Amino acid sequence: MPDEKTIHREEREEQKQRRLSLLRWMLTTAGMLLIVLSVVWLILMVNRQQQGRPLEVEIPSETAHRVLFIGSYTPQYFTYESQAAGIEEGLYPNDIEYDVVYMDAKVYPGEDNKEHFRQFLESRLQGNPRDYEAILVGDDDALLFAMEYGEQLFPGLPIVFFGINSLEMARSAEQLPLVTGFYETDYLRETLDAAIRMFPNSSRIVALHDRSAAGEADMNIFYEYARSYPAYIYTDINTAGMTRQKLVSVLEMLPEDTILIYMTCYTDSEGNTYSVENMTKTIVESAHCPVFRNYEIVKSTGVVGGVYMDMRAHAKSAAERASQILNGADPADFTLETYTPSRSSFDYQQLKKYGVDVSLLPKDAEIRNQPESFLTQYGRILLPMGLILTGMILFTIANYISVLMGKRANEALRISRDSLEISKDELMYQAEHDDFLDMYNRRTMQEKLQTELTPDMTYAIVMADLDGFKEVNESYGHQVADEILRFIAGYLETRALEMDWLLARYGGDEFLLMIPGEHLHAKHPLVEELLEAFRMPIPLGDVEVSMSASMGISNSDGETTPAQHVQNAELAMYEAKARGRNGAFVYDEEMKERAREENRTKEILLDAFDNNGFFMVYQPQINAMTREVSGYEALIRMKAPGMYPGKFIPIAEANGWIWRIGRITTELVIRQLAAWRDEGHELHPVSINFSSNQLNDTGYLRFLEETLKLYDIPARYVEIEITEGVFLDRTATADSLFSRFKELGIRLLMDDFGTGYSSLAYLTYIPVDVIKLDKSLVDNYLVDGKDSFIRDVITMVHDLNMEMIIEGVEEEWQYERLKSFGAETIQGYYFSKPLPPEEAIVFTVP
């Protein structure tokens, strides 16, 4: 029986444990409450932020009306996003849908381009009617176009304009029947007031403008306002009257006490048109004085700031007026609106540069690029983070109490380690290990492989090299690079210990592993695991860096020495890098065999060039309506067995021989046309594929012309298929080649349309006669719910007076649907595969 003292001591200890347990519960509960409270606070804060954002307007599910918007410029113009947002806010809530066409008047000014646009719009409206009920026009060029052609193109439809710089033009338009709209308040006076207030010691004010309708209107308003500031010298710079270099020179000569007003100026005397970003960069880098702008400002451009019209609100007002008219309002009841809300925006860095006090800014001015203070940036989350931190502290204290309770319940083992004495073993350890990563070094690994591996053992040698480590070292510095190596080495050491691998640092960023009992391949789970380990995000302070590695593998074979396996693994690693990095490659005889096979293909190609080793096959192109042959595509083949186009064409391209194949193809096709003619067959056009690398064959046109004359074949029976990218690059060499093809009377076909840029608008300017729709578009879009896209493409191509060939048609239902869409020519295995010439010329559709 325990004595009374022992009992009291146990009771006291039990009471202490109960008190500690109660305190732990209280601390844990308080910590939980603080965490929950902080989460609720964060949710409420996020909701408030969401409520403060502008609402996105949803496209109406049912359309009550349809409107056409004619924009003066393009979607790349700096006001486009604001215009589109305002139009959608004004139309979509009223179940009104809209389409857009762009004049691109800054890039293509003048009457000729206006006429081209009129023809295009007229063709679109006639070829694909959309039942528009009203017209929206944005900016001066679009209004001028609507005033001139409105009755012709959309008679009887109301027209609502906005974004008009010329008040005189706006008033003239307002007098026309069914026309109403909004004048664009310039806010030049307010911008001038702000500039003079911020720079009172300036002596002159210079305005930048061009000769566009908006630029001329800006200049007139500028000089009208100049009367209000007689103490300053006023001049203007017309960018349309000088070259880009001259403009830079003039800007550089402006005195520092100048206020430069950057208005509408995007053209120069050489007819070049510049984007807002490009022109702004030129101005702010050339002028050594403050630059102001009375239009919406591109962020972070070096412009001090200005007061400008709120284009989003302006466009919304115009769209709402159009909605009112479509819902029954009379356009005559509206008057010209000459006021729109404004915004003012100034760049903090520029204000700081010129020492401008922010108190001089207009009321409610937005200050851009202002560095946030700690409280501004983090103030809203300080309280919840403080609650979380307090909760974590309480959890930590509670955890400490648990440890303290455990110590009282169980005697903790006291562990002490004496410092290691420098000894022979320690010196040997240092000699065998890499000083930096503390793993085997190269010499030790070579010795262990040589002494521990025997010919009858199964193992794999893996050489891993970090991809792009040199660039990381140069970009981030040695400290970051060292941290990356430590992180990766730590993982590899852990796995090596778990799996009984040998691991060494073989070079700067190379690791060598010996994996016993395994023969590895590129998709082996261990290989995948190692590759994924190198891809793991590596934490470096507040950021993470992701790397990758290329790995070479050499498997034991009972004959090769370990040293040779290391060399083989290194060769395989370089092969993995050559194949794109971030992968593994296994050394085998295929590496040597592939090189031998490529050399054999080169030899066969060279022999075929010298010994008539090519022949042609022809795939018929079928008229969709008559089901009769209307032409052929010529495809080259090699007589040597096993030499398919996908095998020899890339090698010919890589070795600069594709021009020889191009000439051989051309002569074989023209010779075959002559043979068909001499046999009494009716001829149809044959298209020849033309590689982009053939652009360097400057003598091809003369060769083609001489070959046509030699066999007495009219040029209309030869067509040239060129890939989309060659047309879009628009080099001087390509343009000259296209012109000479046209002069010979040879039609041009755009091949593989739909695999690249594929802009229908761009088709207006390229010299192509026939569009070949790529098989990928047929497969992806000729399905229920998407096939309207194919129909619209066919319609638009026809509207541009071009023909269309649909490639890759393999099923009867595809042919029937394409025929119903108006496709005139079909090519594909549904009708025929490529045929020998004697079969192709007599081919008929069953």
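What counts, and where the lines are drawn
- Residues numbered from 1 in each chain as written.
- Predicted model: local features only at pLDDT ≥ 70, side-chain atom pairs only at ≥ 80, totals over all residues.
- Heavy atoms only, no water.
- Pairing = 2+ DSSP bridges.
- Helix = DSSP H or I, 4+ residues; strand = E, 2+ residues; numbered from the N terminus.
- Axes fitted to C-alpha atoms, helices over the stretch in contact; angles between N-to-C directions.
- Contact = heavy atoms within 4.5 Å.
- Parallel < 35°, antiparallel > 145°, perpendicular 65-115°, else oblique.
- Left-handed = near helix turned anticlockwise from the far one by under 90°.
- Buried < 20%, exposed > 50% of the residue type's maximum accessible area, 1.4 Å probe, protein only.
- Right-handed = clockwise from strand over helix to strand, strands pointing away.
- Phe/Tyr/Trp six-rings, centres within 6.5 Å; stacked < 30°, edge-to-face > 60°.
- Polar contact = N/O pair within 3.5 Å; in protein donor to acceptor, adjacent residues only side chain to side chain.
- Nonpolar A, V, L, I, M, F, W, Y, C, P; charged D, E, K, R; others polar.
- 1 Å grid on protein atoms, 1.4 Å probe; cavity = no way out; pocket = protein on both sides within 12 Å on 5 of 7 lines; lining within 4 Å.
- Points joined across faces, edges and corners; volume = space filled by probe spheres on them.
- Patch = residues over 30% accessible without salt bridge, like charges linked within 9 Å, V, L, I, M, F, W, Y side chains within 5 Å.
- Areas by Shrake-Rupley, 256 points an atom, 1.4 Å probe, with all protein chains shown as cover.
- Salt bridge = Lys/Arg side-chain N within 4 Å of Asp/Glu carboxyl O.
- Lys, Arg positive; Asp, Glu negative; His and termini not counted.
- Charge placed at Lys NZ, Arg CZ, Asp CG, Glu CD.
- Core = buried A, V, L, I, M, F, W, Y, C linked by side-chain atoms within 4.5 Å.
- pLDDT = per-residue confidence, 0-100.
- Expected span 1.5 Å × (residues − 1).

## Structural notes on the sheet that holds strand 3 (residues 134-138)
At step 1: Spatially, the 5 strands line up as an open sheet ordered 2-1-3-4-5, and their pairing is parallel. Each end of this open sheet is capped by a strand with a single partner; those strands are strand 2 (96-102) and strand 5 (179-183). Shown here is a sheet whose adjacent strand axes are inclined to one another by a mean of 20 degrees, direction ignored.
At step 2: Here 5 bridges tie strand 1 (residues 65-71) to strand 3, and the two strands are oriented parallel to one another. If you follow leucine 68 over to strand 3, its bridge partner there is isoleucine 135.
At step 3: On top of the sheet, helix 2 (residues 80-91) reaches strand 1, strand 2, strand 3 and strand 4 (159-164); it is set at about 155 degrees to strand 2, its chief contact.

## Quick notes on the packing of helix 6 (residues 188-198) against helix 7 (residues 213-226)
Packed helices, taken two at a time, are described by the angle their axes make and the gap between the axes.
At step 1: The geometry of helix 6 relative to helix 7 is characterised by a closest axis approach of 10 Å and an angle of 55 degrees between their N-to-C directions. By the angle between their axes, helix 6 is oblique relative to helix 7. For the pair helix 6 and helix 7, the sense of crossing is right-handed. Facing Leu188, Arg189 and Leu192 of helix 6, the residues of helix 7 in contact are Asp218, Ile221, Phe222 and Tyr225.

## Things to note about the pairing of strand 3
Along a regular strand, successive side chains alternate from one face of the sheet to the other.
At step 1: Here strand 3 lies mainly inside the structure; 5 of its 5 residues are buried.
At step 2: Here strand 3 shows two buried faces, one formed by Ala134, Leu136 and Gly138 and the other by Ile135 and Val137.
At step 3: With 4 bridges joining them, strand 3 and strand 4 adopt parallel strand pairing. For isoleucine 135, the partnering residue across the bridge sits in strand 4 and is isoleucine 159.
At step 4: Note that the unit made of strand 3, helix 4 (residues 140-153) and strand 4 has a crossover that is right-handed.

## Notes on the packing of aromatic side chains
At step 1: For the coordinates displayed, the defined rule picks out 21 aromatic pairs.
At step 2: Taken together, a centroid distance of 6.0 Å and an interplanar angle of 70 degrees make the contact between tyrosine 80 and tyrosine 102 edge-to-face. Of this pair, tyrosine 80 sits in helix 2 while tyrosine 102 sits in strand 2, and the two are 22 residues apart along the sequence.
At step 3: Ring centres of tyrosine 815 and phenylalanine 831 lie 5.2 Å apart, and the angle between their planes is 80 degrees; on these two criteria the pair is classed as edge-to-face.

## Observations regarding the side chain of arginine 505
At step 1: Assignment of secondary structure puts arginine 505 in strand 14 (residues 502-505).
At step 2: What makes arginine 505 buried here is its relative accessible area of 16%.
At step 3: In this structure the side chain of arginine 505 is engaged in a polar contact, spanning 3.1 Å, whose partner is the backbone oxygen of glycine 507.
At step 4: A polar atom in the side chain of arginine 505 sits 2.8 Å from the backbone oxygen of glycine 508.

## Looking at the environment of valine 291
At step 1: Inspection of the secondary structure assignment puts valine 291 in strand 9 (residues 291-293).
At step 2: Spatially, the C-alpha atoms of valine 291 and glycine 90 are 34 Å apart, while their sequence positions differ by 201 residues.
At step 3: Residues in contact with valine 291, not counting those within four places in the same chain, are Leu260, Tyr262, Ile283, Val303, Val304 and Gly305.

## Observations concerning the packing of helix 15 (residues 469-476) against helix 16 (residues 478-499)
At step 1: The contact between helix 15 and helix 16 brings their axes to 6 Å, and the two run at 140 degrees. Classed by the angle they form, the pair helix 15 and helix 16 counts as oblique. Contacts between helix 15 and helix 16 involve Phe469, Val472, Asn473 and Tyr476 on the former and, on the latter, His478, Val480, Ala481, Ile484 and Leu485.
At step 2: Counted by class, the contact of helix 15 with helix 16 contains 7 nonpolar, 2 polar and no charged residues.

## Here's the deal with empty space enclosed by the protein
At step 1: Inspection of every chain in the model, using the stated rule, returns 2 cavities of 30 Å³ or more.
At step 2: The calculated volume of the largest cavity comes to roughly 180 Å³.
At step 3: Lining the largest cavity are 19 residues, and of these Phe78, Thr79, Glu184, Tyr295 and Met311 lie nearest its centre.
At step 4: Here the lining of the largest cavity is built from residues that sort into 8 nonpolar, 5 polar and 6 charged.
At step 5: Put simply, the second largest cavity is a space of about 70 Å³.
At step 6: Contributing to the lining of the second largest cavity are Phe69, Gly71, Ser72, Tyr73, Thr74, Tyr77, Thr79, Tyr80, Gln83, Tyr102 and Asp139.
At step 7: For the lining of the second largest cavity, the secondary structure elements donating two or more residues are strand 1 and helix 2.
At step 8: Looking at the lining of the second largest cavity, its residues break down into 5 nonpolar, 5 polar and 1 charged.

## Points about a positive patch on the surface
At step 1: Taken together, the side chains of Arg9, Arg12, Lys16 and Arg19 define a basic patch exposed on the protein surface.
At step 2: Tracing the chain through its elements places arginine 9 in helix 1 (residues 4-52).
At step 3: Exposure remark for arginine 9: the relative accessible area of 45% places this residue in the partly exposed category.

## Considerations on the nonpolar core
Looking at soluble globular proteins, one finds that nonpolar side chains tend to be buried together.
At step 1: Counting 80 residues, the largest nonpolar core has Ile720, Phe741 and Ile806 as its most contacted members.
At step 2: Ranked by residue count, the leading element in this core is helix 21 (residues 658-678), at 8 residues.
At step 3: Isoleucine 720 has contacts with Ile688, Phe690, Tyr700, Phe741, Ile746, Arg747, Leu748 and Leu749, leaving out every residue within four places of it along the chain.
At step 4: Counting 53 residues, the second-largest nonpolar core is a separate cluster that includes Met198, Phe199, Tyr232 and Met263.

## Let's talk about the pattern of salt bridges
At step 1: Applying the stated criterion across every chain, the model contains 38 salt bridges.
At step 2: Taking the shortest distance from any N to any O, the salt bridge between arginine 495 and glutamate 529 comes out at 2.4 Å. One end of the pair, arginine 495, is in helix 16; the other, glutamate 529, is in helix 17 (residues 525-535), and 34 residues separate them in sequence.
At step 3: Between aspartate 610 and arginine 660 there is a salt bridge; the shortest N-O distance is 3.9 Å. Separated by 50 residues along the polypeptide, aspartate 610 in helix 19 (residues 589-610) and arginine 660 in helix 21 bring together distant segments of the chain.
At step 4: Given the relative accessible area of 25%, arginine 660 is considered partly exposed.
At step 5: Linked through salt bridges whose partners overlap, the residues forming this network are Glu633, Glu721, Lys772 and Glu807.

## Some points on the confidence of the model for the protein chain
At step 1: The pLDDT averaged across the protein chain works out to 87; a share of 92% of its residues lies at or above 70.
At step 2: With pLDDT under 50 throughout, residues 51-55 is counted as low confidence; its partners more than four residues away or in other chains account for 1 contact.
At step 3: Below pLDDT 50 for its whole length, residues 412-420 participates in 1 contact with residues either more than four positions away or in separate chains.

## Structural notes on a nonpolar patch on the surface
At step 1: A contiguous nonpolar surface patch, about 360 Å² in accessible area, is contributed by Leu22, Trp25 and Met26.
At step 2: Tracing the backbone through its elements, the reader meets methionine 26 in helix 1.
At step 3: Look at methionine 26 and you get partly exposed, because its relative accessible area is 45%.

## Structural notes on helix 26 (residues 787-799)
At step 1: Given a rise of 1.5 Å per residue, 13 residues ought to cover 18 Å, and the 19 Å separating the end C-alpha atoms of helix 26 matches this to within 8%.
At step 2: Three or more residues of helix 26 are buried, namely Asp787, Ile790, Val793, Ile794, Thr795, Met796, Val797 and Asp799.
At step 3: Remark: asparagine 801 follows helix 26 within two positions and exhibits a positive phi of approximately 60 degrees.

## Comments concerning the pairing of strand 13 (residues 459-466)
At step 1: Most of strand 13 sits out of view: 8 of its 8 residues are buried.
At step 2: Alternating positions in strand 13 separate into two faces, Tyr459, Ile461, Met463 and Asp465 on one and Ala460, Val462, Ala464 and Leu466 on the other, with burial throughout.
At step 3: Pairing of strand 13 with strand 15 (residues 510-516) involves 7 bridges; the strand directions are antiparallel. Bridged to alanine 464 within strand 15 is phenylalanine 511.
At step 4: With 7 bridges joining them, strand 13 and strand 18 (residues 549-555) adopt antiparallel strand pairing. Its bridge partner being in strand 18, leucine 466 is matched across the sheet by alanine 549.

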